Amino acid sequence: MSDRHTTESIREELTHRDDQSLSARITENPEPFLRWAVPMFALIAVEFATWAGIAVGMVDALVVGVTAAVELTLNYVSPGLAQAVVDFQAGAVGMLRSVGGMLGEFPTLLSREVIPNQGHQTPDGSWQGTFLGLQPAVAWAIRFVLIIAYALFTAYWSFRGWLVYRDHYRESDWTPTDDVVNNLRGHRWGQFGVIVLIVFLTMATFGSALAPSTVSQNIENTYGEESRIQYLSDGGTVETAFAGDANFNSKSKGAVETNVGLMSYDDYGRFHPFGTMPNGRDLFTFMMGGARITMIVSGMAITGAAVIAMTLSMLSAYYSGSVDLGVLTVADGVVSIPQLLLLIMMSAVFADTWLGSVLDGGFLLALIFAFTTWPFLWRAVRGPALQVAQEDWVRAAESYGQQPQKIMRKHMLPYILGYLLVYASMSVGGIIISLSALSFLGNGLGISPPTPAWGRAISAGQSYVSTVSWHISLVPGLMIVLLVTGMNALGDGIRDAIDPETEADEGEEAAAGGGA
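Residue indices follow the written sequence of each chain, beginning from 1 at its first position. Where totals are concerned, whole chains, interfaces and linings use all residues; where local detail is concerned, this predicted model gives features only for residues with pLDDT of at least 70, and gives and counts side-chain atom pairs only at 80 or more. Note: side-chain values were computed over all heavy atoms of the structure, leaving out hydrogens and water.

## Points about the packing of helix 16 (residues 392–399) against helix 17 (residues 404–441)
- Here, axes are lines fitted to C-alpha atoms. For helices the fit covers the stretch in contact, and angles between N-to-C directions go from 0 to 180 degrees. Numbering of helices and strands runs from the N terminus, with a helix taken as a DSSP run of H or I at least four residues long and a strand as a DSSP run of E at least two residues long. At a minimum axis distance of 10 Å, the contact between helix 16 and helix 17 shows a crossing angle of 175 degrees. The orientation of helix 16 with respect to helix 17, classified from their angle, is roughly antiparallel. Across the interface between the two elements, Trp393, Val394, Ala397 and Glu398 from helix 16 touch Ile407, His411, Met412 and Tyr415 from helix 17.
- By the convention adopted, Pro, Cys, Tyr, Trp, Phe, Met, Ile, Leu, Val and Ala count as nonpolar, Lys, Arg, Asp and Glu as charged, and the other residues, Gly among them, as polar. The class makeup of the residues in the contact of helix 16 with helix 17 is six nonpolar, one polar and one charged. Each angle gets one of four labels, with under 35 degrees taken as roughly parallel, over 145 as roughly antiparallel, 65 to 115 as roughly perpendicular, and the rest as oblique. Contacts between residues were defined by any pair of non-hydrogen atoms, one from each residue, lying within 4.5 Å.

## Brief notes about the environment of Ser436
- Considering the arrangement of structural elements, one finds Ser436 in helix 17.
- Here the term buried applies to any residue with accessible area under 20% of the maximum for its type, exposed to any over 50%, and partly exposed to those in between, with areas from a 1.4 Å probe on protein chains only. Accessibility expressed as a relative area gives 9% for Ser436, which makes it buried.
- Beyond its immediate stretch of four places on either side in the chain, Ser436 contacts Trp454, Gly455 and Ile480.

## What to know about the pairing of strand 3 (residues 228–232)
- Burial along strand 3 is one-sided: the face carrying Ile229 and Tyr231 is buried and the face carrying Arg228, Gln230 and Leu232 is not.
- A pair of strands is labelled paired if DSSP reports no fewer than 2 bridges between them. As defined by bridge partners, strand 3 adjoins strand 4 (residues 238–242) across five bridges and the pair is classed as antiparallel. When the bridges of strand 4 are listed, Arg228 appears paired with Phe242.
- Joining the antiparallel neighbours strand 3 and strand 4 is a turn of five residues, in which Gly236 adopts a positive phi near 90 degrees.

## Overview of helix 12 (residues 321–335)
- Every helix has an expected span of 1.5 Å times one less than the residues it contains. Relative to the 21 Å expected for 15 residues at 1.5 Å per residue, helix 12 spans 21 Å between its end C-alpha atoms, a close match to the ideal helical length.
- Looking only at helix 12, the buried set comprises Asp324, Val327, Ala331 and Val334. Down the axis of helix 12, the buried side of the element spans an arc of 90 degrees, and every buried residue falls inside it. Of the exposed residues in helix 12, the ones pointing more than 90 degrees away from its buried face are Ser322, Leu325 and Thr329.
- Buried residues belonging to helix 12 abut helix 11 (283–319) and helix 15 (362–389). The arc in question is the one traced by the directions running from the helix axis out to the C-beta atoms.

## Points about the pattern of salt bridges
- For salt bridges, the criterion is a side-chain nitrogen of Lys or Arg within 4 Å of an Asp or Glu carboxyl oxygen. Tallied over the entire structure, the rule returns nine salt bridges.
- Between Asp167 and Arg166 there is a salt bridge, with the nearest N and O atoms lying 3.1 Å from each other.
- Close ionic contact of Asp332 with Arg379 constitutes a salt bridge, the shortest N to O distance being 2.1 Å. With Asp332 in helix 12 and Arg379 in helix 15, the pair connects residues that are 47 residues apart, well separated along the chain.
- Overlapping salt bridges bring together Asp492, Arg495 and Asp496 as one network.

## Thoughts on the packing of helix 17 against helix 19 (residues 471–498)
- At a minimum axis separation of 8 Å, helix 17 and helix 19 run at an interaxial angle of 170 degrees. The orientation of helix 17 with respect to helix 19, classified from their angle, is roughly antiparallel. Residue-level inspection shows Gly418, Tyr419, Leu421, Val422, Ser425, Met426, Val428, Gly429, Ile432, Ile433 and Ser436 of helix 17 in contact with helix 19, the latter providing Ile480, Leu483, Val484, Met487, Asn488, Leu490, Gly491, Asp492, Ile494, Arg495 and Ile498.
- Class assignment of the residues belonging to the contact of helix 17 with helix 19 gives a composition of 14 nonpolar, six polar and two charged.

## Description of unusual backbone geometry
- Cis geometry is adopted by the peptide bond preceding Pro450, which originates at Pro449 and carries an omega value of 10 degrees.
- Relative to the helices and strands, Pro450 resides in the loop between helix 17 and helix 18 (454–461).
- A positive phi angle is found at Leu132, which is not glycine, with a value near 60 degrees.
- Within the fold, Leu132 resides in the loop between strand 2 (127–128) and helix 6 (136–169).
- Residue Leu132 is classed as exposed on the basis of its relative accessible area of 72%.
- Of note, the phi angle at Ser320 is positive, near 50 degrees, even though the residue is not glycine.
- Assignment of secondary structure puts Ser320 in the loop between helix 11 and helix 12.
- Exposure remark for Ser320: the relative accessible area of 34% places this residue in the partly exposed category.

## Section: helix 7 (residues 176–184)
- Within helix 7, burial applies to Pro176, Asp178, Val180, Val181 and Leu184.
- Where helix 7 is buried, its residues contact helix 6, helix 8 (188–210), helix 17 and helix 19.

## Focus: the side chain of Thr222
- With respect to the helices and strands, the residue Thr222 is situated in the loop between helix 9 (215–220) and strand 3.
- Discounting residues that sit within four places of it in the chain, Thr222 has contacts with Ser216, Gln217, Ser227, Phe242, Ala243, Gly244 and Asn247.

## Points about the packing of aromatic side chains
- Two aromatic rings from Phe, Tyr or Trp, using only the six-membered ring of Trp, form a pair when their centres are within 6.5 Å; if the ring planes differ by under 30 degrees the pair is stacked, by over 60 it is edge-to-face, and anything between is tilted. One pass over the full model with this rule turns up 19 aromatic pairs.
- Taking 6.1 Å as the distance between ring centres and 75 degrees as the angle between the ring planes, the aromatic pair formed by Phe144 and Phe284 counts as edge-to-face. Of this pair, Phe144 sits in helix 6 while Phe284 sits in helix 11, and the two are 140 residues apart along the sequence.
- Centre to centre, the rings of Tyr223 and Phe242 are 5.7 Å apart; their planes meet at 50 degrees, and the pair counts as tilted. Of this pair, Tyr223 sits in the loop between helix 9 and strand 3 while Phe242 is found in strand 4, placing the two residues 19 residues apart along the sequence.
- With relative accessibility at 47%, the residue Tyr223 sits in the partly exposed group.

## Observations regarding a nonpolar patch on the surface
- Residues form patches when they are more than 30% accessible in relative terms and have no salt bridge. Like charges link within 9 Å. Nonpolar side chains (Val, Leu, Ile, Met, Phe, Trp, Tyr) link within 5 Å. Working definition of accessibility: Shrake-Rupley area with a 1.4 Å probe, residue cover restricted to the visible protein chains. On the surface, Leu262, Met263, Trp470, Leu474 and Leu478 cluster together into a nonpolar patch covering about 480 Å² of accessible area.
- In this fold, Leu474 is placed in helix 19.

Okay, structure coming up:
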């Protein structure tokens, strides 16, 4: 625990605090902000439709979550009002999704329309319909590399924005987060976790552009008008077919003659980076769709659990006594409920309701994971919260008349936030594995088809693990391992950044063990 936050600093903060708003501080010294903001606005403009679509999606999820809680509460009081809430939700969600559909029509610089990879070969061997007449594999690789580079640079420039805010516009000269960030910038294992997280968030955000096809065209609506493809037939003429028919003749089912493996083309001139599945669907497209639902559900679950744990840890530490005992009792009660049993029961109860259909069952799973995960996070951060609550600066803030909620937000939260991030990043791996396991089991559990889910891909390929179609199960399995490992690495990095002595002690113990 750093000693930079002292009773004297509290007194100075309360008696000589700079009352300027952030906008006023930027107005007085605009140059650092403009140097950062102009490139940032340009980066956003490049993919404006994508970012706007994400914003609309977040509002959509917020509307669904709030109205769901209100509807469930009112259902026991006034079914009529509950139905009115459901009707309002239907109208609001319909409007938001209509806006999202319109945003999808806007062109973006790194879209498949600007850099297309789907086309057909001509009798003379050239390609038509692809970017600059390149082979589909090359056109796809160009778009893939540009999107990953764009995402990494956008993440870096966003971090630069935080540095500009910290150095020029933040009210406080120092917070505990500064030490954590500075230590993490030299932690290679933690940086690996950050990169993995950014890459998978990129898959969830730009999955439609990253994949050689779209989920709608290749998985969900294979016989729609948008799913028509052109290809060069064996007779040397250009023919037209539906993606569904092409998928039927491009299956990977364990034999050399029925297998489309990694980095290969099918008979219709379509490039498959990860090969195809037993039903002929493109595995890479399936994995990108699975990344989106996995990141959304696990993100909602861990965020909900973290918010509950953070709030209850500060309340129980600050007020202690009966409040702490009450939270402890509730946490023990939640922990005593078997998670798998609760998942099966809730999935069965809400299977035919609108709540079970949101995000194809993902929203309900996120609620259950959040409800069953927060006690573990609360127990992990309760100790640091109790320690901070006894510090002199907290008592000093009380003596100078600060409100409890402000004390918790300004003088307690910065110290427990790092610990919360450590355990949250490590806990999210368990949520990802559990979500994949449920989809693997199927039978009404997990994400409902046809929405892609990583566990369902592993299940589809389990019969072909020892054949030439081994890629069907191996690729999604490796992606799960990589994501979970990355999240654990991020947690390790944050832990070592909070307490660098921990890493040094572990190194000394390893050295001592090696010489024994």
